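Inside the fold
Okay, here's what each chain looks like letter by letter:
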Amino acid sequence: MTVNLEVAEGVGTIRLDRPPMNALDVATQDRLKELAEEATRREDVRAVVLYGGEKVFAAGADIKEMQDMDHTAMVLRSRALQESFTAVARIPKPVVAAVTGYALGGGCELALCADFRIAGDGARLGQPEILLGLIPGAGGTQRLSRLIGPSKAKDLIFTGRMVKADEALALGLVDRVVPAADVYTEAHAWAAKLAHGPALALRAAKEAIDTGLETDVETGLAVERTWFAGLFATADRETGMRSFVEEGPGKAKFL
């Protein structure tokens, strides 16, 4: 398999495994969607790590495969391409990307689907599609501009240039830079911490934030209001408030 899902202690690791560069061919895209949907369904998965291995996250689409596609073929494929990445973005649980080596093109777009990005100090990120006479097609024009702002996104997309980890951090493209050898450990620790949190409240927070970014403020506030009130019907809310009153903040243990 080109993508695998491994689950341990509440954390599901979606691991790209297509040496040498984890090129995202059609089969890999489809498998990625399958596993994102599996991670969504599984109750034993409470947080997710996206990982490409110690050397590379994903160097982008399989250019040789795309070269053989004409306009008609890509019209038929482009929706499935976006849907595979959207399935990752819509996992209703905390998702962190552990970025080592190259995260280019589709690889960068995959990292953009995470809620948080931890990069190794040797990582290189970018959207080089313009150098092929193309634009990003797996969500890059939309998710990158929402994450770092339109002018910075246009700089990266118009030029196709790669950025090193320190510049990616300054741009807000990644959230933390650590030694390359520590990337997965740090990402797993972030996910594991949240895996022990209140699952429904985390889901609610993610949906409220993401919906708000995709729509107007009034709609976003309505989603927030609905989730906020709805959480008062959950056992986690009872646990959290009881622990706060009896033991003080930050000591609740959620199931």
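Remember, it's a predicted structure, so these values are computed and weren't measured experimentally.

**Some thoughts on the overall build of the protein chain**
Scanning the protein chain from N- to C-terminus turns up eleven helices and nine strands. Against the globule reference of 18 Å for 255 residues, the protein chain gives a C-alpha radius of gyration of 19 Å, in line with a compact fold. Overall, the C-alpha framework of the protein chain stretches about 65 × 40 × 35 Å when taken along its three principal axes. Among the 255 residues that make up the protein chain, the fraction classed as buried is 43%. Sequence-distant contacts in the protein chain: of pairs separated by 6 or more residues, those separated by 24 or more amount to 70%.

**Topic: the side chain of N22**
Position of N22 relative to the elements: it lies in the loop between β2 (11–16) and α1 (26–41). A polar atom in the side chain of N22 sits 3.3 Å from the backbone oxygen of V56. Those residues in contact with N22 that sit more than four places away from it in its chain are L16, D17, G52, V56, F57, A58, A59 and G60.

**Structural notes on the packing of α1 against helix α3 (residues 71–89)**
Packing of α1 against α3 brings their axes to within 8 Å, and their N-to-C directions diverge by 35°. Every pair of crossing elements has a handedness; the one defined by α1 and α3 is left-handed. For the pair α1 and α3, contact is made by V26, Q29, D30, L32, K33, A36 and E37 and by R77, L81, E83, S84, A87 and V88, respectively. Among the residues forming the contact of α1 with α3, the class breakdown is six nonpolar, two polar and five charged.

**Comments concerning the pattern of salt bridges**
It is possible for side chains bearing opposite charge to pair when their charged atoms get close. Evaluated as defined, the whole model comprises twelve salt bridges. For the salt bridge of K206 with D115, the shortest nitrogen-to-oxygen distance reads 2.9 Å. Placement of K206 in helix α9 (residues 199–214) and of D115 in the loop between α4 (106–112) and β6 (116–120) is noted, with a sequence separation of 91 residues between them. A relative accessible area of 32% means that D115 is categorised as partly exposed. One salt bridge in this structure joins D155 and R161, with 2.8 Å as the shortest N-O distance. Each of the salt bridges in this network shares a partner with another, and the network as a whole consists of R18, D25 and D62.

**Quick notes on the environment of G105**
Within the fold, G105 resides in the loop between β5 (102–104) and α4. Sequence separation of G105 and A58 is 47 residues, and the distance between their C-alpha atoms is 8.4 Å.

**Let's talk about the sheet that holds strand β3 (residues 47–51)**
If you walk across this open sheet you meet the six strands as β1-β2-β3-β4-β6-β9, and the pairing is mixed. Looking at which strands have only one partner, the edges of the open sheet turn out to be β1 (3–8) and β9 (176–178). On average, each strand axis in the sheet is inclined to that of its neighbour by 20°, with strand direction left out of account. Relative to strand β4 (residues 95–99), β3 runs parallel, the two sharing four bridges. The partner of V49 across the bridge, within β4, is V96.

**Description of the pairing of β1**
Where β1 lies against β2, six bridges are found, and the strand directions are antiparallel. Paired with N4 across the strands is R15, a residue of β2. Between the antiparallel neighbours β1 and β2 lie two residues, among them E9 with a positive phi of about 55°.

Rules behind the numbers
Residues numbered from 1 in each chain as written. Predicted model: local features only at pLDDT ≥ 70, side-chain atom pairs only at ≥ 80, totals over all residues. Heavy atoms only, no water. Helix = DSSP H or I, 4+ residues; strand = E, 2+ residues; numbered from the N terminus. Rg over C-alpha atoms; globule rule 2.2 N^0.38 Å. Buried < 20%, exposed > 50% of the residue type's maximum accessible area, 1.4 Å probe, protein only. Contact = heavy atoms within 4.5 Å. Polar contact = N/O pair within 3.5 Å; in protein donor to acceptor, adjacent residues only side chain to side chain. Axes fitted to C-alpha atoms, helices over the stretch in contact; angles between N-to-C directions. Left-handed = near helix turned anticlockwise from the far one by under 90°. Nonpolar A, V, L, I, M, F, W, Y, C, P; charged D, E, K, R; others polar. Salt bridge = Lys/Arg side-chain N within 4 Å of Asp/Glu carboxyl O. Pairing = 2+ DSSP bridges.

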